[in-house]
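# Residue-level structure breakdown
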Amino acid sequence: MKALRNYLDKIKPNFEEGGKLHAFHSLFDGLETFAFVPRTTSRAGSVNIHDAIDSKRIMSFVVIALMPALLFGMYNIGYQNALAAGKLSEATWLGMWWFGFLAVLPKIVVSYVVGLGIEFVVAQWKHEEIQEGFLVSGILIPMIVPVTTPLWILAIAVAFSVILAKEIFGGTGMNILNPALVTRAFLFFSYPSAMTGDSTVWVEGQKILGAGFDVTGADALSAATPLGQAAEAGFSGFDCTTITNAITGLIPGSVGETSVIAIALGAVLLLWTGVASWKTMLSVFVGGALTGYLMQALGLSEIRWYEHLVLGGFCFGAVFMATDPVTSARTEGGKYIYGLLIGLVAVMVRVLNPGFPEGMMLAILLMNVFAPLIDYCFVQRNINMRAKRAAK
């Protein structure tokens, strides 16, 4: 690391004002601050607190927390392909993972190239440092969209999200909507024929490198997710095998959303490091459980409350989306209300709108809009209480 630090110090003058590579100053600054905590400190006279955990380090923790779900999702793509081909006994776990890796990698590359490319241009144009928020969004996007999504459509959606849902509001820390979910919403409503929501999952019908199996006579197959099947059947309950597979992750679904165990591993890291709020996370599950129980009690759904929590994108949304520190409620009391309403709305959309069985995306985006109002109410309540105490 010392050698890298010395090398960066050596070439840094070329990227500063007057240097021959000044046009790439923002790119260099982004790479430098990603590798090392900046040495610069505030020169203002106000009080400041400095520590080693800056926003880039926080984003890095989130990316690491996403790895279990991403890696298992790659394996699950290969598993579903082998299952559809009827050659599950012939496939190896490494071959299935490699198959999924090759399927997901292009989505990750397109997401980062388009998103970071736009952020580099904006940062250079505004003479500012590169904002680190897309480090997380860039990996989230491929994990929440169907792996069948064409790359050119994904590129358009990412560009739309970065420009209109983020940069137009001022960049990282200023956006009111989660950029990854805006990308998914754009795909869902703009390209419904290519973006089928959570009702289908891609099963590739070709032999890719060392995967070791193929689907004869088919280019691709679609397999309904358990949640999609339930919506078509009027939300009837599931057997133990389906629930067990949902917990392990061996079911059709978006890349990162199928395995409850893998998502739980990420949740442990986020909670242990203090990056995510346990109040928000817990409240989402409580809100979803209570609403699911109420819907079943009213006869509107046969799905048991705990089945709502382990199917679809509920766990993934609760752990990685609802806890976004930028777009979620920030007051301590507000986090409880924010999370409860997300769980409530998600299950209500699932049950009351069979045409859209996955309600997590809409629930989080809706509550992103209301998060400032929730915080305002709690702040104003505290102000009024203090004013009454001061008047006594």
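Residues numbered from 1 in each chain as written. Predicted model: local features only at pLDDT ≥ 70, side-chain atom pairs only at ≥ 80, totals over all residues. Heavy atoms only, no water.

### Re the overall build of the protein chain
Each helix and strand counted, the protein chain has 15 helices and two strands in total. Looking at the protein chain as a whole, 51% of its 392 residues are labelled buried. Sequence-distant contacts in the protein chain: of pairs separated by 6 or more residues, those separated by 24 or more amount to 72%. Counting every atom, the protein chain has about 18,800 Å² of accessible surface; 67% of that belongs to carbon and sulfur. (Helix = DSSP H or I, 4+ residues; strand = E, 2+ residues; numbered from the N terminus. Buried < 20%, exposed > 50% of the residue type's maximum accessible area, 1.4 Å probe, protein only. Contact = heavy atoms within 4.5 Å. Areas by Shrake-Rupley, 256 points an atom, 1.4 Å probe, with all protein chains shown as cover.)

### So, a positive patch on the surface
On the surface, Arg-386, Lys-388, Arg-389 and Lys-392 cluster together to form a positively charged patch. Residue position: Lys-392 is located in the segment after helix H15 (360–391). Classification of Lys-392 by relative accessible area gives exposed; the value is 85%. (Patch = residues over 30% accessible without salt bridge, like charges linked within 9 Å, V, L, I, M, F, W, Y side chains within 5 Å. Salt bridge = Lys/Arg side-chain N within 4 Å of Asp/Glu carboxyl O. Lys, Arg positive; Asp, Glu negative; His and termini not counted. Charge placed at Lys NZ, Arg CZ, Asp CG, Glu CD.)

### Brief notes about the nonpolar core
What tends to happen in soluble globular proteins is that the nonpolar side chains get buried as a cluster. Among the nonpolar cores identified, the biggest contains 84 residues, and Phe-316, Phe-320 and Ile-342 are the most heavily contacted of them. For this core, the element with the highest residue contribution is helix H3 (residues 55–85), accounting for nine residues. Setting aside its immediate chain neighbours within four residues, Ile-342 contacts Val-284, Ala-322, Met-360, Ala-363, Ile-364 and Met-367. Listed in part, the five residues of the second largest apolar core include Tyr-75, Tyr-79, Ala-82 and Ala-91. (Core = buried A, V, L, I, M, F, W, Y, C linked by side-chain atoms within 4.5 Å.)

### Re helix H14 (residues 332–352)
For an α-helix, the turn length of 3.6 residues means that residues three or four places apart are oriented alike. With 21 residues, H14 should cover 30 Å at 1.5 Å per step; its first-to-last C-alpha distance of 31 Å lies within 8% of that length. Among all positions of H14, only Gly-334, Lys-335, Tyr-338, Gly-339, Ile-342, Gly-343, Val-345, Ala-346, Val-347, Val-349, Arg-350 and Val-351 are buried. (Expected span 1.5 Å × (residues − 1).)

### Some thoughts on the confidence of the model for the protein chain
For the protein chain, mean pLDDT is 80; residues scoring 70 or higher make up 74% of the total. Under a pLDDT of 50 for its full length, residues 197–223 has, in the predicted model, 68 contacts with residues more than four places off or in other chains. (pLDDT = per-residue confidence, 0-100.)

### Remarks on helix H6 (residues 151–164)
The end-to-end C-alpha separation of H6 is 20 Å, in line with the 20 Å expected for 14 residues at 1.5 Å each. Within H6 the residues assigned to the buried category are Ile-153, Leu-154, Ala-157, Val-158, Ala-159, Ser-161 and Val-162.

### A word on the packing of aromatic side chains
Per the stated rule, a full pass over the model turns up 14 aromatic pairs. Ring geometry for Phe-285 against Phe-314: centres 5.8 Å apart, planes inclined by 55°, an arrangement best described as tilted. One end of the pair, Phe-285, is in helix H11 (residues 278–297); the other, Phe-314, is in helix H13 (residues 314–321), and 29 residues separate them in sequence. In this structure Phe-314 comes out as buried when scored by relative accessible area, which is 0%. Ring geometry for Trp-305 versus Tyr-306: centroids 5.6 Å apart, planes at 90°, classification edge-to-face. You can call Trp-305 partly exposed: its relative accessible area is 37%. Through pairs of rings, three or more aromatic residues link up here, namely Trp-152, Phe-160, Phe-186 and Tyr-191. (Phe/Tyr/Trp six-rings, centres within 6.5 Å; stacked < 30°, edge-to-face > 60°.)

### Some points on the pattern of salt bridges
Here the structure, examined in full by the defined rule, presents four salt bridges. Lys-279 serves as the salt-bridge partner of Glu-332, at 2.7 Å between the closest nitrogen and oxygen. Of this pair, Glu-332 sits in helix H14 while Lys-279 sits in helix H11; the two residues are 53 residues apart in sequence, bridging distant segments of the chain. With relative accessibility at 16%, the residue Lys-279 sits in the buried group. The shortest N-O distance in the salt bridge between Glu-332 and Lys-335 comes to 3.2 Å. Of this pair, Glu-332 and Lys-335 both sit in helix H14, three residues apart, which is roughly one turn of the helix.

### Describing the packing of helix H5 (residues 134–144) against H13
The geometry of H5 relative to H13 is characterised by a closest axis approach of 13 Å and an angle of 175° between their N-to-C directions. Taken together, the axes of H5 and H13 are roughly antiparallel relative to one another. In this structure, H5 contributes Leu-140, Met-143 and Ile-144 to the contact, and H13 contributes Phe-316, Phe-320 and Met-321. Grouping the constituent residues of the contact of H5 with H13 by class yields six nonpolar, no polar and no charged. (Axes fitted to C-alpha atoms, helices over the stretch in contact; angles between N-to-C directions. Parallel < 35°, antiparallel > 145°, perpendicular 65-115°, else oblique. Nonpolar A, V, L, I, M, F, W, Y, C, P; charged D, E, K, R; others polar.)

### Overview of the environment of Tyr-112
You can see Tyr-112 is positioned in helix H4 (residues 93–126). Judged by its relative accessible area of 19%, Tyr-112 is buried. Distance in space between the C-alpha atoms of Tyr-112 and Phe-134 is 7.9 Å, their sequence separation being 22 residues. In this structure the side chain of Tyr-112 is engaged in a polar contact, spanning 2.6 Å, whose partner is the backbone oxygen of Leu-135. (Polar contact = N/O pair within 3.5 Å; in protein donor to acceptor, adjacent residues only side chain to side chain.)

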